[in-house]
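One letter stands for each residue in the lines below.
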Amino acid sequence: MKKLTIVLILFTALSTLSCSKWLDIQPESEIDKSVLFATEDGFKEALIGVYTRCAKDDLYGKELTIGTPEVLAQNYALSSNDPLRYQQTKLFKYNDGNFIGRKDNIWKGLYNGIVNANLILTEIDQKKQLFTGSNYQLIKGESLALRAYLHFDALRLFGPAPVVNDKIEAIPYVTSYSNKSTKLSTVSQVLDSVVRDLEEAKELLKVDPIRLKSYVVGYPTVGDTLKNSELQDKSLFLQNRRHRLNYYAVCGLLARTYLYKGDKIKALLNAREVIDVKKFPWTNATDFLAVDADKKDRIFYKELLFAWYIPAMNSTYNNDWFQDNNSAIYLDQDEAKTIYEVAGAGGGDMRYTQWFGTVSVGNSFISSIHKYRRNTLGDSFAANLHYLVAPAIRLTEIYYIAAECSYETAPAQAAAWLDEVREHRGIGQKVDISTYAKLQSELLKEYRKEMFAEGQLFFAYKRLNVPIVGQQGTTIPANQQIYVWPLPDDEIIYGQR
């Protein structure tokens, strides 16, 4: 196998923290590490560079949020001319050139982020004396969490779910900045490494400002909340902790990973830590339903433990993908009503009324997707209540994990957690989870409703190794040829392209 050639790529240090520059620098394609890591600001720049890389279109800026996993989960209708070229992907044609190109770019993007996180981790322990306050712990903790996050998603895409086979070799878990290749690890080994990195990150992030009582989760544009809010710290680097992998985001990611691993006890412990702290308030219906765009919160912003800041989001999501015409990605109107159970328990589901709009096409109607709509003021966060972000870890997912992991020992509590989510989405009818099969069915329906166009439903089907629910009531049987993406060839795996 060919050796890994690594080039550190850093991006413009536009703050993913507060949508303003925290360092007035120009973008660089290559920076000598002896210069970059000579100061604390250099480490900050490198960390922000990893987040910025992850928010590009090939990763969470588009493809891993609204893109390929959502197409595979059968969440979209595609027009006959398929201008975005996802028709073959929807049919699971993994030999299609368009899919191969996207898939290989995802792989390269994930490992580029990993390489850059590893470079920080390689240097940081030797430079402890450079750091002020708790920045050493924060930067190291976040770098470990990023490395774990990216490896975990690589595993969820390119390796089988552990419930199917956790002994098979899947992906390399790269922990060093080196020109030597890393051999493939088994599914179990990768998950153990993810957990190890996250547990260390969690310990380091105990100093995270988000844990302070004075850190109040809110909206950045509401002036009367700023005195005790996410923007209170004088250092921009310490503001908006939910745009980075903060302490509670790591707890949420640990809950997600332990559940995938099959360790429901530890998954529940981490989920309970998020739920019990009550740091993340439920979104007020008045904010979600507001008519004026500058007073509207379509994505339940205050409930996000972690989100990717995407400056180009308005254009990429709403102009390229979710247009109000039949040349873009959309949903059949009847399909949208079926997903949200509009004729039954979901008759009052606010997600359906706010995330979809009716558009006339010829003699029929379609449901256009409005979930990420902004108003006409452009990309500035002032255009809405919140920044241009895509959800990465939601409070509601934590409730779903807690419900699944507590069902065997406390079914009433599991039902209460699901009902709490449903109540805050406008569903008053109590959930029926009298059997495990009903619990699983309701959870999958909730994953689809709540995290529509967020890239998580495909992974839920895969983790449970159950059929994918397609359009018009069809099902696609669970199949490893569908759930496991082909690895790139050796040259791409080891960085030669």
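Chemist: Explain the overall build of the protein to me, please; I cannot follow it from the model alone.
Modeler: The number of helices and strands found in the protein is 19 helices and nine strands. Taking all 497 residues of the protein together, the buried fraction comes to 59%. Long-range contacts, defined as pairs at least 24 residues apart, comprise 71% of the intrachain contacts of the protein with a sequence gap of at least 6. Summed over its atoms, the accessible surface of the protein is roughly 19,100 Å², and 50% of this surface lies on carbon and sulfur atoms.

Chemist: Any chance you could explain the nonpolar core here in plain terms?
Modeler: General note: in soluble globular proteins, nonpolar side chains tend to be found buried as a group. Y76, Y149 and W308 are the most contacted members of the largest nonpolar core, which has 153 residues in total. The greatest single-element share of this core, amounting to 14 residues, is contributed by helix α6 (residues 135–158). Not counting residues within four places of it along the chain, the set of residues in contact with W308 comprises Y51, C54, Y60, L146, Y149, L388, V389, A390 and A392.

Chemist: Any chance you could explain helix α5 (residues 97–124) here in plain terms?
Modeler: Three- or four-residue spacings in an α-helix give side chains the same orientation, since the helix completes a turn every 3.6 residues. Compared with the 40 Å implied by 1.5 Å per residue over 28 residues, the 41 Å span of α5 between its first and last C-alpha is a close match. In terms of burial, α5 is largely enclosed, as 21 of its 28 residues are buried.

Chemist: Any chance you could explain the sheet that holds strand β6 (residues 364–369) here in plain terms?
Modeler: Sheets are built from strands that pair by backbone hydrogen bonding, the pairs being arranged parallel or antiparallel. Strands sit in the order β4-β6-β5 across an open sheet of three strands; the sheet is antiparallel. Each edge of the open sheet carries a strand with a single partner, namely β4 (331–332) and β5 (356–361). The pairing of β4 with β6 spans two bridges and is classified as antiparallel. Each residue of the ladder has a partner; that of L331, found in β6, is S367.

Chemist: How should I be thinking about helix α15 (residues 411–423) in this particular structure?
Modeler: Taking 1.5 Å of rise per residue, the 13 residues of α15 would be expected to cover 18 Å, and the 18 Å separating its terminal C-alpha atoms lies within 8% of that figure. For α15, every residue scored as buried is listed here: A414, A415, W417, L418, D419, V421 and R422. Of the surrounding elements, those touching the buried residues of α15 are α9 (264–277), α14 (395–406) and α16 (436–450).

Chemist: Even after reading the chapter, I still don't get the packing of aromatic side chains, so can you show me in this structure?
Modeler: The geometry of an aromatic ring pair comes down to the distance between the two centres and the angle between the two planes. Tallied over the entire structure, the rule returns 38 aromatic pairs. Centroid distance Y94 to F99: 4.5 Å. Interplanar angle 15°. Geometry classified as stacked. With a relative accessible area of 1%, F99 lands in the buried category. Ring-pair connections join several aromatic residues into one group, and the members of that group are Y76, Y86, W321, F322, Y340, Y352, F356 and F452. Seen from the ring of Y247, R211 lies directly overhead, with NZ or CZ sitting 4.2 Å from the centre.

Chemist: Help me understand unusual backbone geometry, please; the structure alone is not making it clear to me.
Modeler: Apart from glycine, the bulk of residues carry a negative phi angle, and the bulk of peptide bonds sit in the trans form. Positioned with a positive phi, E341 is a non-glycine residue whose angle comes to about 50°. Judged by its relative accessible area of 21%, E341 falls in the partly exposed class.

Chemist: Sorry, what's going on with the packing of α5 against α6 here?
Modeler: Each pair of packed helices can be summarised by the angle the axes make with each other and by the distance between the axes. Viewed as axis vectors pointing N to C, α5 and α6 meet at an angle of 155°, and their least axial separation amounts to 9 Å. As summarised for this structure, α5 and α6 are arranged roughly antiparallel, according to the angle between their axes. As α5 runs across α6, the sense of the crossing is left-handed. On α6, the residues that touch K103, I106, W107, L110, Y111, G113, I114, A117, N118, I120, L121 and I124 of α5 are Y136, I139, K140, S143, L144, R147, L150, H151, A154, L157 and F158. Its residues assigned to classes, the contact of α5 with α6 shows 16 nonpolar, four polar and three charged.

Chemist: Which parts of the structure should I look at to understand the environment of V115?
Modeler: Along the chain, V115 turns up in helix α5. Look at V115 and you get buried, because its relative accessible area is 11%. The spacing of V115 and S178 is 63 residues in sequence and 8.9 Å in space, taken between C-alpha atoms.

Chemist: When you look at the pattern of salt bridges in this model, what are you seeing that I'm missing?
Modeler: Side-chain pairs of opposite charge can arise whenever the charged atoms involved come near each other. Inspection of every chain in the model, using the stated rule, returns 35 salt bridges. Here E142 ties to R241 by a salt bridge, and the two come within 2.8 Å at their closest N and O atoms. Residue E142 is found in helix α6, and its partner R241 is found in the loop between α7 (187–204) and α8 (247–261); the two are separated by 99 residues along the sequence. You can call R241 buried: its relative accessible area is 0%.

Chemist: Would you explain the confidence of the model for the protein in this entry?
Modeler: Keep in mind that low pLDDT regions are not for reading the predicted coordinates in detail. In this model, the protein carries a mean pLDDT of 88, and residues with pLDDT of at least 70 account for 88%. Within the model, pLDDT remains below 50 along residues 1–29, and this stretch shows 88 contacts once partners closer than five positions in the same chain are excluded.

Chemist: Just checking my understanding: could you explain the environment of V359 for this structure?
Modeler: Considering the arrangement of structural elements, one finds V359 in strand β5. V359 sits in the buried class, given a relative accessible area of 13%. Sequence-distant contacts of V359, defined by excluding residues within four places in its chain, comprise D324, S364, F365, I366 and S368.

Chemist: How should the environment of R422 be read in this particular structure?
Modeler: When you line up the elements, R422 lands in helix α15. Overall, the relative accessible area of 4% leaves R422 in the buried class. As a C-alpha pair, R422 and E446 span 24 residues in sequence and 8.7 Å in three-dimensional space. In this structure R422 touches A345, I427, Q429, K430, V431, E442 and E446, once residues within four positions along its chain are discounted.

The rules we used
- Residues numbered from 1 in each chain as written.
- Predicted model: local features only at pLDDT ≥ 70, side-chain atom pairs only at ≥ 80, totals over all residues.
- Heavy atoms only, no water.
- Helix = DSSP H or I, 4+ residues; strand = E, 2+ residues; numbered from the N terminus.
- Buried < 20%, exposed > 50% of the residue type's maximum accessible area, 1.4 Å probe, protein only.
- Contact = heavy atoms within 4.5 Å.
- Areas by Shrake-Rupley, 256 points an atom, 1.4 Å probe, with all protein chains shown as cover.
- Core = buried A, V, L, I, M, F, W, Y, C linked by side-chain atoms within 4.5 Å.
- Expected span 1.5 Å × (residues − 1).
- Pairing = 2+ DSSP bridges.
- Phe/Tyr/Trp six-rings, centres within 6.5 Å; stacked < 30°, edge-to-face > 60°.
- Lys NZ or Arg CZ within 6 Å of the ring centre and 35° of its normal.
- Axes fitted to C-alpha atoms, helices over the stretch in contact; angles between N-to-C directions.
- Parallel < 35°, antiparallel > 145°, perpendicular 65-115°, else oblique.
- Left-handed = near helix turned anticlockwise from the far one by under 90°.
- Nonpolar A, V, L, I, M, F, W, Y, C, P; charged D, E, K, R; others polar.
- Salt bridge = Lys/Arg side-chain N within 4 Å of Asp/Glu carboxyl O.
- pLDDT = per-residue confidence, 0-100.

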